[in-house]
Amino acid sequence: MDILWVVLIAFGTLVVGLLLGFFIARKTMMSYLKKNPPINEQMLRTMMMQMGQKPSQKKINQMMKAMSQQMDSNDKKKK
């Protein structure tokens, strides 16, 4: 009977550890991506030029603002 309790406690500890690890890693990654967005102005400018558009600074600023608003609205929906 003692071995059964040891196995149950070990399994429970493993499950709790996996769940905590997942949520901590997810929160850390979301925070990192919010501070360091994967697309910056230079990348956006390059993509637009590859698509055959001549990007103006106004258009770049509009797209960056739209992307940040989208990220903010996604964060509010999750909460």
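Rules used throughout
- Residues numbered from 1 in each chain as written.
- Predicted model: local features only at pLDDT ≥ 70, side-chain atom pairs only at ≥ 80, totals over all residues.
- Heavy atoms only, no water.
- Helix = DSSP H or I, 4+ residues; strand = E, 2+ residues; numbered from the N terminus.
- Buried < 20%, exposed > 50% of the residue type's maximum accessible area, 1.4 Å probe, protein only.
- Areas by Shrake-Rupley, 256 points an atom, 1.4 Å probe, with all protein chains shown as cover.
- Lys, Arg positive; Asp, Glu negative; His and termini not counted.
- Charge placed at Lys NZ, Arg CZ, Asp CG, Glu CD.
- Polar contact = N/O pair within 3.5 Å; in protein donor to acceptor, adjacent residues only side chain to side chain.
- pLDDT = per-residue confidence, 0-100.
- Phe/Tyr/Trp six-rings, centres within 6.5 Å; stacked < 30°, edge-to-face > 60°.

Draft legend 1. Local environment of the overall build of the chain. Along its length, the chain carries three helices and zero strands. For the chain, the succession of helices and strands along the chain, N to C, is α-α-α. Principal axes of the C-alpha set define a box for the chain whose edges measure 75 × 25 × 15 Å. Here the chain holds 79 residues, and 5% of them are scored as buried. Surface accessibility of the chain: about 7200 Å² in total, with carbon and sulfur atoms responsible for 69%. Charged side chains of the chain number 13 positive and 4 negative; the gap between the two group centres comes to 15 Å.

Draft legend 2. A look at the environment of Thr13. Looking at the secondary structure, you find Thr13 in helix α1 (residues 2-35). Residue class for Thr13 comes out exposed when judged on its relative accessible area of 53%. As for Thr13 and Glu41, which are separated by 28 residues in sequence, their C-alpha atoms are 45 Å apart. Polar side-chain contacts of Thr13 include one of 2.7 Å to the backbone oxygen of Ile9.

Draft legend 3. Structural context of the confidence of the model for the chain. Of the residues in the chain, 97% have a pLDDT of 70 or more, and the chain-wide mean is 89. Highest mean pLDDT in the chain belongs to α1 (95); lowest belongs to helix α3 (residues 57-78) (84).

Draft legend 4. Representation of the packing of aromatic side chains within the structure. According to the stated counting rule, one finds one aromatic pair in the structure shown. Ring geometry for Phe22 and Phe23: centres 5.1 Å apart, planes at 75°, overall edge-to-face. The class for Phe22 is partly exposed, based on a relative accessible area of 49%.

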